[in-house]
Amino acid sequence: MTLPEAREVLRTELLAVAAAVVPGQTPVITHDPGPINPGALFDGRGPATICSITVETGEPDVTPDPAAAITTAASALTARGWTTEIAPQEAGHHRLAATREGYTVAVHAWLTDWRITFTGDTPYSA
């Protein structure tokens with residue numbers, strides 16, 4: 001699979017899971033610089049090796065329930081073939097990590113913020 005194809009797979013997965021977590025809202029891609037090389041100062045000479053994408057969603061008029069959001073995200077990811085691990089809550093910060101076929105996803109939700117953030121990386125492409 002090419003890096004642009006992997007990028008599209010990741011975008012599709014992040015948007016689908018975000019929509020499952022907050023079905024009444026349209027998820028927004030907040031960061032998607034395209035294929036990048038995070039291991040080098042990028043001046044156009046280094047090969048692109050990864051795509052990193054961030055999607056956010058939430059309900060601004062509803063009191064946040066980050067534990068429920070993380071549990072729902074874990075269920076949605078698992079149903080889509082991802083392996084998930086929910087981390088212990090720390091000072092109102094709830095998070096989970098997910099992996100599938102070299103892709104990685106992190107989901108963050110906070111007790112003090114209505115936004116839920118989904119960040120993913122494509123597999124490394126040499």
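Figured I'd write up the structure that's included with this text. All values derive from a computational prediction rather than experimental measurement.

1. Focus on the pairing of strand 2 (residues 52-58)
- Most of strand 2 is tucked away: six of the seven residues are buried.
- Bridge count between strand 1 (residues 28-31) and strand 2: three bridges; the pairing is antiparallel. Residue pairing in the sheet places I29 in a bridge with V55 of strand 2.

2. Observations concerning the layout of surface pockets
- Reported here for the largest pocket is a volume of approximately 240 Å³.
- Taken together, 20 residues make up the lining of the largest pocket; nearest its centre are V22, E59, D65, A69 and I116.
- For the lining of the largest pocket, the secondary structure elements donating two or more residues are helix 2 (66-79), strand 5 (103-110) and strand 6 (113-121).
- Partitioned by chemical class, the residues of the lining of the largest pocket number twelve nonpolar, four polar and four charged.

3. Details of the environment of R100
- You can see R100 is positioned in strand 4 (residues 93-100).
- A residue is classified by how much of its surface remains accessible, and R100, at 16% relative accessible area, is buried.
- Between the alpha carbons of R100 and A20 there is a distance of 18 Å; along the sequence they are 80 residues apart.
- Aside from chain neighbours lying at most four places away, what touches R100 is V9, E13, R80, G81 and W82.
- Of note is the side chain of R100, whose polar atom sits 2.8 Å from the backbone oxygen of R80.

Criteria and cut-off values
- Throughout this document, residue positions are counted from 1 along each chain, in the order its sequence is written.
- Per-residue local features of the predicted model are confined to residues with pLDDT of at least 70, and side-chain atom pairs are confined, for both listing and counting, to 80 or more; whole-chain, interface and lining totals are unaffected and use all residues.
- Side-chain numbers here rest on the full set of heavy atoms in the structure, without hydrogens or water.
- The cut-offs for exposure are 20% and 50% of the maximum accessible area for each residue type, with area from a 1.4 Å probe on protein chains only; residues under the lower value are buried, those over the upper are exposed, and the others partly exposed.
- The numbering of helices and of strands both runs from the N terminus, where a helix is a DSSP run of H or I of at least 4 residues and a strand a run of E of at least 2.
- In this scheme, strands are said to pair when DSSP sees at least two bridges between them.
- Every definition here rests on a 1 Å grid over the protein atoms only: cavities are sets of points where a 1.4 Å probe fits but cannot get out, pockets are open sets enclosed by protein on both sides within 12 Å along at least five of seven lines, and lining residues have some atom within 4 Å of a point.
- Grid points are joined across faces, edges and corners, and a volume is the space filled by probe spheres set on the points.
- Only Asp, Glu, Lys and Arg are considered charged, only Ala, Val, Leu, Ile, Met, Phe, Trp, Tyr, Cys and Pro nonpolar, and every remaining residue, Gly among them, polar.
- In this description, contact between two residues means that some pair of their heavy atoms is separated by no more than 4.5 Å.
- Nitrogen and oxygen atoms within 3.5 Å of one another constitute a polar contact, given that in protein one can donate a hydrogen and the other can accept it, and given that sequence-neighbouring residues count only through two side-chain atoms.

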